[in-house]
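Each chain is listed here by its residues.
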Amino acid sequence: MIRKINKVLIANRGEIAVRIIRACREMEIAAVAVYSEADRNSPHVLSADEAYCIGPPPSRESYLVMEKIIDTARRCGADAIHPGYGFLSENAEFAQKVIDAGLIFIGPKPESIRAMGDKTEARKLVRSAGVPTVPGTPDAVSDESVVRDFARQHGFPILIKAAAGGGGKGMRIVRSSDELSTSFSAAQSEARSAFGDGRVYVEKYLDNPRHIEFQILADKYGNIVHLGERECSIQRRHQKVIEETPSVIVDDAMRRQMGEMAVAAARACSYENAGTIECLVDKEKNYYFLEMNTRLQVEHPITEMRTGRDIVHEQIRIAMGGKLSFTQEEVTFRGHAIECRIYAEDPVNNFLPSTGTITHLKPSQGFGIREDRGVEVGGAISVYYDPIISKLVAHGETRNEAIAKMKRALREYEIMGVRVNIPFNLFVLNHPKFVEGDFDTHFVNNYYRPELLDGLNPSEQTVAAVVAALLEHDFLEDITTAAGENHTVSPGKWKASRFEHWR
Amino acid sequence: MSLYYVTIGGNEHTVELRTDGSILVDGNKTPVSAQQVDIRTFSVLSDGLSTRVVVEKDEAAYRMLLHGKQIDAHVESERMRLLKKFATASESEHSRTIIHAPMPALVVKVEVNVGDDVSQGQGLVVLEAMKMENEIKAHRPGKVIEIRVTKGKAVEKGELLMVLE
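Residues numbered from 1 in each chain as written. Chains lettered and ligands numbered in written order. Predicted model: local features only at pLDDT ≥ 70, side-chain atom pairs only at ≥ 80, totals over all residues. Heavy atoms only, no water.

Visitor: Just checking my understanding: could you explain the overall build of chain B for this structure?
Guide: Secondary structure summary: chain B contains one helix and 17 strands in total. Over its C-alpha trace chain B gives a radius of gyration of 22 Å, far above what one expects of a compact globule, namely 15 Å for 165 residues. Expressed along its principal axes, the backbone C-alpha trace of chain B runs to roughly 60 × 40 × 25 Å. Out of the 165 residues in chain B, the part that is buried amounts to 42%. Long-range contacts, defined here as pairs at least 24 residues apart, represent 40% of the contacts in chain B between residues at least 6 apart. Just so you have it, chain B exposes about 8900 Å², and 50% of that area is on carbon and sulfur atoms. (Helix = DSSP H or I, 4+ residues; strand = E, 2+ residues; numbered from the N terminus. Rg over C-alpha atoms; globule rule 2.2 N^0.38 Å. Buried < 20%, exposed > 50% of the residue type's maximum accessible area, 1.4 Å probe, protein only. Contact = heavy atoms within 4.5 Å. Areas by Shrake-Rupley, 256 points an atom, 1.4 Å probe, with all protein chains shown as cover.)

Here you go:
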């Protein structure tokens, strides 16, 4: 039963919207962008076939308003909606409304989203399918004394987590009973403001785990395959920054075993489309199901690079009612892929988001480098949305080759107008523990200090000092001669030979 | 001859631009060929060493990017430095600390009241930006003498939040 899709509305923005538009183009499907008033000039609007405004900048008034999005899809004659990640991507009610409007939701069935969206229910469900889980409260808790009882039984540290959550929001680690009250209420209020749902649950916190996840693809006919793992242990503020595949600790046997577990978890909620099974892995390589992300994942490109399979194409094919175009045996892996997320944030100042307008951008190029980006020069990084600028992916035959390519690409990347975490990414890639593969989710806490970021070496200092002095000298001369022209780095007086006098 | 003091990451360098066109950095003659490649990009060849530098002027500093490293270079001419010396000599001691918003954000919680004594590291205000809560802490002990924000207020980057004495 094939239902052809001719036009897709992408209910998202930024790099992921651009990524999906590209896939639509390749499949000769028309792509429709929706945008908030802040995004009129954004790349996803400029590269789409059609684009419609859906409201003011705050997401709650635009990208999260189901009715506006569905109404736009209906009016422009789209057959399907792709939700991307974030926003409405894991909202079962939205998926249902899309279907009720006679459109195709490019993603899982609403029941599956609901089953996996409630983290406590999800763990019960997969446990019954034989998938191992971390000890935790079976239900969401609203009473502090339940949390205290749990901590008494399993010991600190414990983790308080939003039932509806993801991305580290509404999450608190509690290491002692004095911190419990504050953390419990903070997690609840953060969960309420981020997801409109203040319920939280509690689980045993594994010290020093790795975060390893499996990409799965499932069609409507019960065929489910996995595309291998992604190692996502390098995180700051509970958010992934660097991901790679394969993981240095996963060998063929473990991959086969965990892959079967991932497929079983997906089958437990009769899953369709692309999804990700997130696991924690302890020092003894025991793995525990953490949660399932019922959507396309930020870090999906590394899996694409290593398997040669285009996950967004597969998503669309599956949504049309197509069978998976390959079997598990046909999934082959080649080389090693690493992703570094480039965020507008200050690695020196506690990774605080850095807002501003991009004034200069020269992305990296060359063999083995892929970039997925949704911002251009003139674009703003605002408080309204996630501060991700770009995803840089390096693919090489070996892990060392991929690291070398990534370091080269990060040094080559030029961006001005906001602070970015490129120096932090370079710090990680240069760190002996990372290079050896000996790390866990506490890498940043254990090893990172802003003072350790590479400063300028003496010859670079000399160059920088000379350039600064020449510009200041020029500036002061301008003031004395032209009296008070507004000084920038003088776009107006750009002249190659400007400093010819000096040698 | 013009003399400049350039501070980069805590290191101060002197750059002498001589009328004959030669450049001395920290007293050493440094042969340099600098070209402006586009609005913000400069190419510097120094002793055969080729460096691509992207520069932007940001309020008080030249913000530069080279080899993936972003730094701020603060430049002071010799004349400016002299003027400053005279100015600071006459300025009185001020022991107030102004707490600014480090980013555009929403005030989620004000944790202190006017008149409170706060210790170093104590939380003052909780801000939310991009759905993450960030607590602004006191850098030093003091007394809260003024609070300019309330819960629910949206603040701009650099906006005054409170004053400690």
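Still to come is the rest of the account.
Visitor: Looking at this model, I keep getting lost on the packing of aromatic side chains. Mind explaining?
Guide: One pair of aromatic rings is described through two measures. These are the centre distance and the angle between the planes. Residue and element names in this part refer to chain A. A full pass over the atoms with the stated rule returns twelve aromatic pairs over all chains. For the ring pair tyrosine 63 and tyrosine 385, a centre distance of 5.6 Å and an interplane angle of 80° mean the geometry is edge-to-face. Highlighted residues: tyrosine 63 in the loop between strand E3 (50–53) and helix H3 (66–76) and tyrosine 385 in the loop between strand E20 (380–381) and strand E21 (388–396), separated in sequence by 322 residues. You can call tyrosine 63 buried: its relative accessible area is 0%. Using a relative accessible area of 6% as the deciding quantity, one classes tyrosine 385 as buried. Judged by centre distance (5.2 Å) and plane angle (55°), the ring pair of phenylalanine 443 and tyrosine 447 falls under tilted. Of this pair, phenylalanine 443 and tyrosine 447 both sit in helix H15 (residues 443–447), separated by four residues, roughly a single helical turn. Grouping aromatic residues by their ring pairs yields a cluster made of Tyr63, Phe87, Tyr384 and Tyr385. (Phe/Tyr/Trp six-rings, centres within 6.5 Å; stacked < 30°, edge-to-face > 60°.)

Visitor: Explain the pairing of strand E1 (residues 7–10) of chain A here, please?
Guide: Residues and elements named next belong to chain A. The two faces of E1 match: Lys7 and Leu9 on one face and Val8 and Ile10 on the other face are all buried. Pairing of E1 with strand E2 (residues 30–35) involves four bridges; the strand directions are parallel. Its bridge partner being in E2, leucine 9 is matched across the sheet by valine 32. Between the parallel elements E1 and E2, the chain passes through helix H1 (residues 14–26) in a crossover that is right-handed. With three bridges joining them, E1 and strand E4 (residues 80–82) adopt parallel strand pairing. (Pairing = 2+ DSSP bridges. Right-handed = clockwise from strand over helix to strand, strands pointing away.)

Visitor: Please explain the sheet that holds strand E14 (residues 336–343) of chain A as it appears in this structure.
Guide: Strand pairing in a sheet relies on backbone hydrogen bonds, with the paired strands running either antiparallel or parallel. All names here are of chain A. Overall, antiparallel pairing links the eight strands, which are arranged E13-E12-E9-E10-E11-E14-E21-E19 in an open sheet. Looking at which strands have only one partner, the edges of the open sheet turn out to be strand E13 (287–293) and strand E19 (369–373). With strand direction ignored, the average angle separating the axes of adjacent strands in the sheet is 25°. Summarising the sheet, E14 and E21 pair through eight bridges and their orientation is antiparallel. Residue pairing for E21: alanine 337 is matched across the bridge by histidine 395. (Axes fitted to C-alpha atoms, helices over the stretch in contact; angles between N-to-C directions.)

Visitor: I tried to follow the domain arrangement of chain A on my own but got confused; where do I start?
Guide: You'll often see interface size given as the accessible area lost when the parts meet. By domain assignment, chain A separates into domain 1 (7–106), domain 2 (135–204), domain 3 (210–452) and domain 4 (458–499). When each unit is reduced to the centre of its C-alpha atoms, the spacing between domain 1 of chain A and domain 2 of chain A is 33 Å. (Domains from an automatic or database assignment.)

Visitor: Would you mind showing me how to read the state of the cysteines here?
Guide: A covalent bond between the sulfur atoms of two cysteines is what we call a disulfide. Inspection of the entire model under this criterion finds zero disulfides over all chains. Cysteine 24 of chain A takes part in no disulfide bond, and the closest cysteine sulfur, belonging to cysteine 76 of chain A, lies 12 Å away. (Disulfide = S-S within 2.5 Å.)

Visitor: Explain the environment of aspartate 118 of chain A here, please?
Guide: All names here are of chain A. The topology assignment puts aspartate 118 in the loop between helix H5 (110–117) and helix H6 (119–128). The sequence separation of aspartate 118 and arginine 199 amounts to 81 residues, and the corresponding C-alpha distance is 9.8 Å. Look past the residues within four positions of aspartate 118 in its chain and what remains in contact with it is Ala163 and Arg199.

Visitor: Sorry if this is basic, but what is going on with the interface of chain B and chain A here?
Guide: With 59 residues of chain B at the interface, the matching set in chain A holds 63 residues. Interface area for chain B against chain A, summed over the two sides, is near 5600 Å², with a carbon-plus-sulfur share of 63%. Here chain B is connected to chain A by three salt bridges. Two residues, aspartate 72 of chain B and arginine 419 of chain A, come together in a salt bridge whose shortest N-O distance is 3.2 Å. Counting across the chain B and chain A interface gives twelve residue pairs in polar contact (both at pLDDT 80 or more). A per-element tally of the side of chain B that touches chain A places strand E7 (residues 49–58) of chain B first, with eight residues. Within the side of chain B that touches chain A, the residues separate by chemical class into 30 nonpolar, 16 polar and 13 charged. (Buried area = accessible area lost by both parts, 1.4 Å probe. Salt bridge = Lys/Arg side-chain N within 4 Å of Asp/Glu carboxyl O. Polar contact = N/O pair within 3.5 Å; in protein donor to acceptor, adjacent residues only side chain to side chain. Nonpolar A, V, L, I, M, F, W, Y, C, P; charged D, E, K, R; others polar.)

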